[in-house]
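If you want the building blocks of each chain, they are given just below.
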Amino acid sequence: MNKKSAYTVAVVGATGVVGTEMLSILEERKFPVGQLLPLASSRSAGGEVTFRGDAVKIKLLTKDSFQGVDIALFSAGGNVSKEYAPVAVKAGAVVIDNSSVWRMDPQVPLVVPEVNPHDIEKHQGIIANPNCSTIQMVVALKPLHDHATITRIVVSTYQSVSGTGKDAMDELAEQCRQLLSFGDIKPKVYPHQIAFNCLPHIDDFLPSGYTKEEMKMVNETRKIMGDESIGIAATTVRVPVFVCHGESINIETEKKLSVEEARTILSTAPGVQLHDDPSMGVYPLQIDAAGTDAVFVGRIREDDSIPKGLSLWVVADNLRKGAALNAVQIAEELVK
Ligand code: NAP
Ligand code: 12T
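Residues numbered from 1 in each chain as written. Chains lettered and ligands numbered in written order. Predicted model: local features only at pLDDT ≥ 70, side-chain atom pairs only at ≥ 80, totals over all residues. Heavy atoms only, no water.

Caption draft 1: Fine view of the side chain of glutamine 159. Of note, glutamine 159 is situated in strand β9 (residues 150-159). Residue classification places glutamine 159 among the buried positions, given a relative accessible area of 1%. Separated by 3.1 Å, the side chains of glutamine 159 and serine 133 make a polar contact. A distance of 3.0 Å separates polar atoms of two side chains, one belonging to glutamine 159 and the other to glutamate 213. Not counting residues within four places of it along the chain, the set of residues in contact with glutamine 159 comprises Ser133, Ile202, Glu213, Thr236, Val237, Arg238, Val239 and His245. (Helix = DSSP H or I, 4+ residues; strand = E, 2+ residues; numbered from the N terminus. Buried < 20%, exposed > 50% of the residue type's maximum accessible area, 1.4 Å probe, protein only. Polar contact = N/O pair within 3.5 Å; in protein donor to acceptor, adjacent residues only side chain to side chain. Contact = heavy atoms within 4.5 Å.)

Caption draft 2: Seen up close, the site of ligand 1. Thr15, Ser41, Arg43, Ser44 and Cys132 are the nearest of the 27 residues found near ligand 1. In the environment of ligand 1, an oxygen atom lies 3.0 Å from a nitrogen or oxygen atom belonging to the backbone of glycine 16. Measuring from an oxygen atom of ligand 1, one finds a backbone N or O atom of valine 17 at 3.0 Å. Starting from 920 Å² of accessible surface for ligand 1 in isolation, the protein chains cover 79%. For the shell around ligand 1, the secondary-structure elements that each account for two or more residues are α1 (17-28) and α8 (320-335). Here the shell around ligand 1 is built from residues that sort into ten nonpolar, 14 polar and three charged. (Near = heavy atom within 4 Å. Areas by Shrake-Rupley, 256 points an atom, 1.4 Å probe, with all protein chains shown as cover. Nonpolar A, V, L, I, M, F, W, Y, C, P; charged D, E, K, R; others polar.)

Caption draft 3: Just unusual backbone geometry, in detail. Of note in the backbone geometry, phenylalanine 196 takes a positive phi value of approximately 55 degrees without being a glycine. Position of phenylalanine 196 relative to the elements: it lies in the loop between α4 (166-180) and α5 (212-225). Positive phi values are uncommon outside glycine, yet arginine 299 reaches one of about 55 degrees. With respect to the helices, strands and loops of the structure, arginine 299 is situated in strand β13 (residues 295-302).

Caption draft 4: Quick look at α4. The end-to-end C-alpha distance of α4 is 22 Å, a good match for the 21 Å that 15 residues give at a rise of 1.5 Å each. Residues of α4 that are buried: Ala168, Met169, Glu171, Leu172 and Gln175. Along the long axis of α4, the arc covered by the buried residues comes to 160 degrees, so they all point the same way. Every exposed residue of α4 that faces more than 90 degrees away from the buried side is listed here: Asp167, Arg177 and Leu180. In this structure, the buried residues of α4 make contact with α1. Following α4 by one or two positions, phenylalanine 182 adopts a phi angle in the positive range, close to 60 degrees. (Expected span 1.5 Å × (residues − 1). Arc of directions from axis to C-beta.)

Caption draft 5: Summary view of the site of ligand 2. In the vicinity of ligand 2, the residues found are Asn98, Ser100, Arg103, Asn131, Cys132, Gly163, Thr164, Glu213, Lys216 and Arg238. Backbone polar atom of glycine 163 to an oxygen atom of ligand 2: 3.4 Å apart, as the coordinates give it. Taking lysine 216, its side chain carries an N or O atom lying 2.8 Å from an oxygen atom of ligand 2. Tallied by class, residues from the shell around ligand 2 come to one nonpolar, five polar and four charged.

Caption draft 6: Molecular detail of the packing of aromatic side chains. All told, the structure shown has three aromatic pairs when counted by the stated rule. Ring geometry for tyrosine 7 and phenylalanine 31: centres 6.3 Å apart, planes at 45 degrees, overall tilted. In this pair, tyrosine 7 sits in strand β1 (residues 7-12) while phenylalanine 31 sits in the loop between α1 and β2 (33-40), placing the two residues 24 residues apart along the sequence. Note on accessibility: tyrosine 7 and phenylalanine 31 belong to one class, buried. Between the aromatic rings of phenylalanine 66 and phenylalanine 74, the centroid separation amounts to 5.8 Å while the plane-to-plane angle is 15 degrees, which identifies the pairing as stacked. Since its relative accessible area comes to 0%, phenylalanine 66 is described here as buried. (Phe/Tyr/Trp six-rings, centres within 6.5 Å; stacked < 30°, edge-to-face > 60°.)

Caption draft 7: Focus on the pattern of salt bridges. Evaluation of the coordinates by the stated rule reveals 19 salt bridges. Put simply, aspartate 203 and lysine 216 hold a salt bridge, and the shortest N to O gap is 2.9 Å. Here aspartate 203, found in the loop between α4 and α5, pairs with lysine 216, found in helix α5; they are 13 residues apart in sequence, far enough to count as distant. On the accessibility criterion, aspartate 203 (30% relative accessible area) is partly exposed. For lysine 336, the salt bridge goes to glutamate 333, with nearest N and O atoms at 3.2 Å. (Salt bridge = Lys/Arg side-chain N within 4 Å of Asp/Glu carboxyl O.)

Caption draft 8: Expanded view of the packing of helix α3 (residues 132-148) against α8. Axis separation between α3 and α8 bottoms out at 8 Å; the angle between their running directions is 85 degrees. What the angle tells us is that α3 and α8 run roughly perpendicular. Facing α3, whose interface residues are Cys132, Ile135 and Val139, α8 presents Lys321, Gly322, Ala323 and Asn326. (Axes fitted to C-alpha atoms, helices over the stretch in contact; angles between N-to-C directions. Parallel < 35°, antiparallel > 145°, perpendicular 65-115°, else oblique.)

Caption draft 9: Highlighting the environment of glycine 53. Within the element layout of this structure, glycine 53 appears in the loop between β3 (48-51) and β4 (54-57). In sequence terms glycine 53 and glutamate 27 are 26 residues apart; their C-alpha atoms lie 9.7 Å from each other.

Structural measurements only, silent on function.
Quick look at the structure:
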């Protein structure tokens, strides 16, 4: 991308939970935004968002929205990305897309800046932001892979409702109110009650019995790490938490890694913060990680069931590192 002192940045889905976070992260990190163009559907067009203390008018997303746009951050669902990302590219913008529709396209780099920043250089207009659960897992595992070569990963997730968007956050809050006042529950966003419950079901089921969310973790991890040989088995679970995903991860390595070695490696790994002192009650918690930028790692212990295995617990803010922050970090690499 041609170097400029400031860039015209469109945010598609600027009123959503991820879009809102994108605006605050662009502001916090002082991204060189010359003009901000917040785009949404007719539900929100005409309203305003606040950016750097100023009210900015939300415009309706149309095929003409991208004239003069340098960077377009998309976070309005897969259908919008499928239809409008090529339109934005044609108009000369670089698209950083949060949906799953472009991630596995061989022409599209899938990027976590701490892991594979150089893949950005190969872009042809669209750069994909990985799934939230994939991002936090690869930030924690790539440094261990570089030292000891991971051959197999078994992961179970504990994913918050904000991953599904604003309606799902409202649904969890409403069901909690209903249950505590002995009212009736009528699930709408999720197929079953989510308050005080866990659902082993995120995104659609495939004929194999896995969900699409589980297969995103398998396929995206291999693409980002650039290693198709890693065996990965995932179980993705929705839990009644508003923000932050937790992951129980078990790895098998080619070279033996001790707990101490893993701690040393992770203590200087980019984007990682160790919270690992169980005897003092210190381990990553979703309520602590919410609103922060790091991928928190703790509970590192040896897996005694195999000769070379480790278990760990990983937590990150799915709206920030899992979505908006990672997208803005990609934009930062792009203009570097
Ligand atoms: P959300 O809170 O429901 O917000 C959806 C946003 O999209 C709103 O701004 C909405 O605008 C806009 N929108 C919806 N349909 C539109 C249309 N036809 N034209 C223009 N704008 C439209 O959802 P969210 O959680 O922010 O998620 C948005 C998308 O980001 C998800 O669908 C997913 O693809 C992606 N996502 C990715 C990750 C990740 O893992 N990296 C995590 C979460 C989400 P209105 O105000 O006009 O309705
Ligand atoms: N279904 O980016 O519901 O592919 O938590 C992210 C989050 C898809 C995605 C969720 C989802 C994605 C969710």
